[in-house]
Each structure stands twice: as C-alpha cells, then as structure tokens.
Number of protein chains: 2
Amino acid sequence: MINYPSGVNPKRSPKTQASKNVSYGKRGMGLEELINEANSYYLSKHLAVIHKKPTPITVVHVDYPDRSMAKITEAYYVQPSTTDYNGVLDGHYIDFDAKETKNKTNMPLKNFHQHQITHLKNVLENGGIGFFILGFTTRSEFYLFPASILIKIWDEALRGGEKSVPYSIISQQGFQINSKMIPSLDYLPALKRFLKYLNV
Amino acid sequence: MINYPSGVNPKRSPKTQASKNVSYGKRGMGLEELINEANSYYLSKHLAVIHKKPTPITVVHVDYPDRSMAKITEAYYVQPSTTDYNGVLDGHYIDFDAKETKNKTNMPLKNFHQHQITHLKNVLENGGIGFFILGFTTRSEFYLFPASILIKIWDEALRGGEKSVPYSIISQQGFQINSKMIPSLDYLPALKRFLKYLNV
C-alpha cells in the first residue's frame, strides 16, 4: 500500500463519482460500497471469496519521484471485458454485476452493456453462476436477478423488444435481498436460494 | 476503447516492464503474454472463461481535455488482494498466479507474496481450485503446481524452513504443461489432469 497526500480520496473513480450522491437509508452507501462491505464480511467469516475487479486502466507514463514511489502521470480508462464481481462459493464459480435505478416501475436496459451480457453468456456456457444485483433505490429494494433471464430480454430488445425490464418481472422472477444490520446488503441468502432453485 | 498517442505502449506496467526482456523460444513472449494468449484461445473456443485481473490503481486526479476523454494525471499502484488470474472451467472456480525464474534448480519463495498465499488459502477453503503456473525459463519448462503444496512450503519457510522450492519437487508433484503451436502455453490439459487428480 502507498501513502496518499492528505486530502486526496483514493477511492475516486468515474463510477464512485457518479454515484456519490446516492444514499440508502441510514448508511449513506452506494450500491458498490454495499456490495464491497458484504464481500469483506463474507471473506472475514469464511463464507465466500468474492472480490470486485479493479477498474482497467492503461498506463502511458510513470514518474519515479523517489525510489520507493511510482507516480502515474498519464493513464486512461479502458473498457472492461467482464463484469465487476466474481469469486467462489462452495466451489461454484460466481459472477455478477450490479445496477441501480431511481425508476419505480422498471430497470432501463441502457444500464447494461454488451460486453457484460457476452461475458455472462460465456460464464453460463461454462457452468458458472451468473446474475445481476438490481437495486430500485426509490423503493429501497434489491434483487438477485438471474443472468439467463436478462440475456433473453437483452436479445429481444436488440430485435426491437422492450428497452427496459419491468419491476414486476424483477420482483417475481428475482430473489429478493433482505436488508440486515451487518452486512447491510446481505445477498448471500438470496444467492443460496438461487443455487437451490438451479439445483446445483 | 481509447486511441493512444502514437509511440506509446498501452501495455506498459511495472510487471511487463520487468519481464520485457525475457523470451521463450520462437515466440519471444513473456509468461504473462503466454497465459493471456492461452486464455483468449480458450475463450474463443468456448473451453473456459479465465481472465487476468486488471492491475489495481488508485486514481487521484482526472483531467477532461474534451468531453469524450478522461485523462488520468495522478494515480498510484496499490497492492492487490488476490492473485492475477481467475475464472471458470466446467463450473469449477479456478484461481492462480504465475511465477518464473532463470534458476535451474529451484523457485525462490521471494517470487511469492503473502497476500497471494492468503487469498489461495481462502479459495481452497471455499472449494475453489487454486494453483500456480511456474516457469523455469532457462529449461523452457512450465508446471501447474497445486496451491496446497506451495502453501505448506511457504508456512514452513515462515517457521525457518527452506526459502525456495526445489525443481525436483515441482517437476515431480506438479503437472507439466506441454508446449503447442496454438496456444504456446496450453495449460488446460495440465489443469484437467489436476482436476482428475483432485477427483472433482
């Protein structure tokens, strides 16, 4: 680890910048922070090993102001080729991304990206467990939603179908995540219900 | 994806800088490039979904020279908390790191880091498949070596034991990776022999 100059925010990134004003209930955390908190909890309790992947960045220039320090002075964000989260639960390969909306009645498909859909298709094809954690922030409701269903809806949209997923489908075909004290977004019970449903 | 100024090397990072003079046979690739090539091949042939994780970087400052471009002008490398590679093969969670040495008789333990050992312990505990790809570059020999054995040797070294792993142990208890035309470092057959050995 390195020491940051005082006053800088080491967590600053396009994603956290965009979501920094979103808050959920008493904790004031964004969806990414809630998932990171849950993952840290699961790791510490030996329940699962799930990490957020680092944001891919292409480094063009590095300065070495002293011999123990590398300061990157030119770099660019590059498009990821996978989802943000993966890991292992009871031997199963787990892979997901997280999306949130302020809409009450649907989750717009513009929140999703083709590379995430393609990656999750590959994951399912190779026997992995793929899903999305979908947050309706105005409702304070979160669902684990199977990737297989979202992939179908995405492919239908490409052929001219609906450009959003109705709340009714997500709440009926998803697995609701119940909030807890620690961790706030305790998605593991919903994931275990999903695994039971998949019969794996 | 972004366009790079001409002459810049978008793959530049501490790791690739350090290994850029290492070459293997006719291909002139470093170990990381060989593994990336194999992973791309497996993905395209629907054999496995295994990716290298991006190098974790903490972004402190971003400029926006025009509205479609974000240029990172201050950032720092941070220590990873996992290994470099993970993914899914036939539903199994796969997790590994890669190490190479010019030594002929042993692999020094200084090539490994505590966070990699700790992460692989967590992976094994949760039913994942963990290993290292170990390269003896002078011999042009590569082995898939079970994480469970390396963890034992690491823990013995912390208690005063040997600070390296003898070549004889790696070649006898590892699973040799045979070179091929495409991909050059075809580690999937060795991984399948390892899975068979584990009886999973």
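Residues numbered from 1 in each chain as written. Chains lettered and ligands numbered in written order. Predicted model: local features only at pLDDT ≥ 70, side-chain atom pairs only at ≥ 80, totals over all residues. Heavy atoms only, no water.

An unreviewed UniProt entry lists chain A under the name Holliday junction resolvase RecU, with Oenococcus kitaharae DSM 17330 given as the organism. Listed in UniProt under the heading Subcellular location (unreviewed entry), the comment for chain A reads: "Cytoplasm". (UniProt positions renumbered as here; feature names shortened; annotations may be inferred.)

With respect to the interface of chain B and chain A
Between chain B and chain A, the contact holds 53 residues from the first and 53 residues from the second. Taking both sides of the interface into account, the surface hidden between chain B and chain A amounts to around 4,500 Å²; carbon and sulfur atoms contribute 60%. By the criterion of area lost to chain A, the three top residues of chain B are Ile72(B), Tyr76(B) and Asn126(B), representing 14% of everything that side buries. In this structure, the connection of chain B to chain A is made through 0 salt bridges. For the side of chain B that touches chain A, the secondary-structure elements that each account for two or more residues are strand S1 (49-52), strand S2 (57-66), strand S3 (69-77), strand S4 (85-89), strand S5 (92-101) and helix H3 (114-125) of chain B. Looking at which element gives the most residues to the side of chain B that touches chain A, the answer is S3(B), with 9 residues. (Contact = heavy atoms within 4.5 Å. Buried area = accessible area lost by both parts, 1.4 Å probe. Salt bridge = Lys/Arg side-chain N within 4 Å of Asp/Glu carboxyl O. Helix = DSSP H or I, 4+ residues; strand = E, 2+ residues; numbered from the N terminus.)

Let's talk about the UniProt feature "binding site: Mg(2+)" (unreviewed entry) in chain A
Residue and element names in this part refer to chain A. Under the local residue numbering, the UniProt record ascribes the feature "binding site: Mg(2+)" (unreviewed entry) to Thr-82, Asp-84, Asp-97 and Gln-116. These residues run over 35 residues, yet every pair of their C-alpha atoms falls within 9.1 Å of each other. In this structure, Asp-84 sits in the loop between strand S3 (69-77) and strand S4 (85-89). Looking at the secondary structure, you find Asp-97 in strand S5 (residues 92-101). Setting aside residues no more than four positions away along its own chain, Asp-97 makes contact with Thr-83, Asp-84, Tyr-85, Gln-116, Phe-131, Phe-132 and Ile-133. At 3.2 Å, the side chain of Asp-97 and the backbone nitrogen of Asp-84 are in polar contact. (Polar contact = N/O pair within 3.5 Å; in protein donor to acceptor, adjacent residues only side chain to side chain.)

Section: the packing of aromatic side chains
By the definition in use, this model includes 23 aromatic pairs over all chains. With 4.8 Å between their ring centres and 10 degrees between their planes, Tyr85(B) and Phe96(B) make a pair best called stacked. On the criterion of sequence distance, the pair formed by Tyr85(B) in strand S4 and Phe96(B) in strand S5 is long-range, its members being 11 residues apart. Across the pair, Phe96(B) and Tyr85(B) agree in class, each one buried. Put simply, the rings of Tyr41(A), Tyr42(A), Tyr85(A), Phe96(A), Phe131(A), Phe175(A), Tyr187(A), Phe194(A) and Tyr197(A) pair up and form one aromatic cluster. Over the face of the ring belonging to Tyr167(B) we find Arg139(B), whose NZ or CZ atom lies 3.6 Å from the ring centre. (Phe/Tyr/Trp six-rings, centres within 6.5 Å; stacked < 30°, edge-to-face > 60°. Buried < 20%, exposed > 50% of the residue type's maximum accessible area, 1.4 Å probe, protein only. Lys NZ or Arg CZ within 6 Å of the ring centre and 35° of its normal.)

Re a nonpolar patch on the surface
All names here are of chain A. A surface patch of nonpolar side chains, amounting to about 330 Å² of accessible area, comprises Tyr-197, Leu-198 and Val-200. Mapping Tyr-197 onto the fold places it in helix H6 (residues 188-198). On the accessibility criterion, Tyr-197 (61% relative accessible area) is exposed. (Patch = residues over 30% accessible without salt bridge, like charges linked within 9 Å, V, L, I, M, F, W, Y side chains within 5 Å. Areas by Shrake-Rupley, 256 points an atom, 1.4 Å probe, with all protein chains shown as cover.)

With respect to the relation of the copies chain B and chain A
Mapping chain B onto chain A calls for a rotation angle of 180 degrees and an axial translation of 0.0 Å; the resulting RMSD is 0.0 Å. Classification of the inter-copy transformation places it as that of a two-fold axis. When the interface residues of chain B are mapped onto chain A, 100% of them are again interface residues, pointing to one common binding face. (Least-squares fit on C-alpha atoms with pLDDT ≥ 70 in both.)

A look at the UniProt feature "site: Transition state stabilizer" (unreviewed entry) in chain A
Residues and elements named next belong to chain A. Using the residue numbers shown here, the UniProt feature "site: Transition state stabilizer" (unreviewed entry) corresponds to Lys-99. As for its placement among the helices and strands, Lys-99 is situated in strand S5. You can call Lys-99 buried: its relative accessible area is 9%. The residues touching Lys-99, leaving out its near neighbours within four places in the chain, are Leu-31, Met-107, Asn-111, Phe-112, His-113, Gln-116, Phe-132, Ile-133, Leu-134 and Gly-135. Side chain to side chain, Lys-99 and Gln-116 meet in a polar contact 3.1 Å long.

Considerations on the confidence of the model for chain A
In the predicted model, chain A carries a mean pLDDT of 89, and the fraction of residues at 70 or more is 86%. For residues 1-26 of chain A, every residue scores under 50 in pLDDT, and the model assigns this stretch 39 contacts once sequence neighbours within four places are set aside. (pLDDT = per-residue confidence, 0-100.)

Considering the pattern of salt bridges
Residue and element names in this part refer to chain A. Taken as a whole and assessed by the stated rule, the structure comprises 4 salt bridges over all chains. Across the pair Lys-180 and Asp-186 runs a salt bridge, and its minimum N-O distance is 3.3 Å. A relative accessible area of 40% means that Lys-180 is categorised as partly exposed. Accessibility expressed as a relative area gives 8% for Asp-186, which makes it buried.

Comments concerning the sheet that holds S3(B)
Spatial ordering of the open sheet is given by S2(A)-S3(A)-S3(B)-S2(B), a layout of 4 strands whose pairing is antiparallel. In this open sheet, the two strands that pair with only one neighbour each are strand S2 (57-66) of chain A together with S2 of chain B. Across the sheet, the mean angle separating the axes of adjacent strands is 25 degrees when strand polarity is ignored. Pairing geometry for S3(A) and S3(B), over 4 bridges, is antiparallel. In the strand pairing of S3(B), Lys71(A) is matched with Tyr76(B). (Pairing = 2+ DSSP bridges. Axes fitted to C-alpha atoms, helices over the stretch in contact; angles between N-to-C directions.)

A short note on H3(B)
The end-to-end C-alpha separation of H3(B) is 17 Å, in line with the 16 Å expected for 12 residues at 1.5 Å each. Among the structural elements, helix H2 (31-44), strand S1 (49-52) and S4 of chain A together with S5, strand S7 (129-136) and helix H4 (147-158) of chain B are those in contact with the buried residues of H3(B). A positive phi of about 85 degrees marks Gly127(B), the residue just after H3(B). (Expected span 1.5 Å × (residues − 1).)

Topic: helix H6 (residues 188-198) of chain B
All names here are of chain B. Within the sequence span of H6, burial applies to Leu-188, Ala-190, Leu-191, Phe-194 and Leu-195. Down the axis of H6, the buried set is contained in an arc of 155 degrees. They therefore lie on one face. In H6, the exposed positions that point more than 90 degrees away from the buried face belong to Lys-196 and Tyr-197. The elements touched by buried residues of H6 are helix H2 (31-44), S4, S5, S7, strand S8 (141-146) and strand S10 (175-177). Asn-199 occupies a position one or two residues after H6 and carries a positive phi of about 65 degrees. (Arc of directions from axis to C-beta.)

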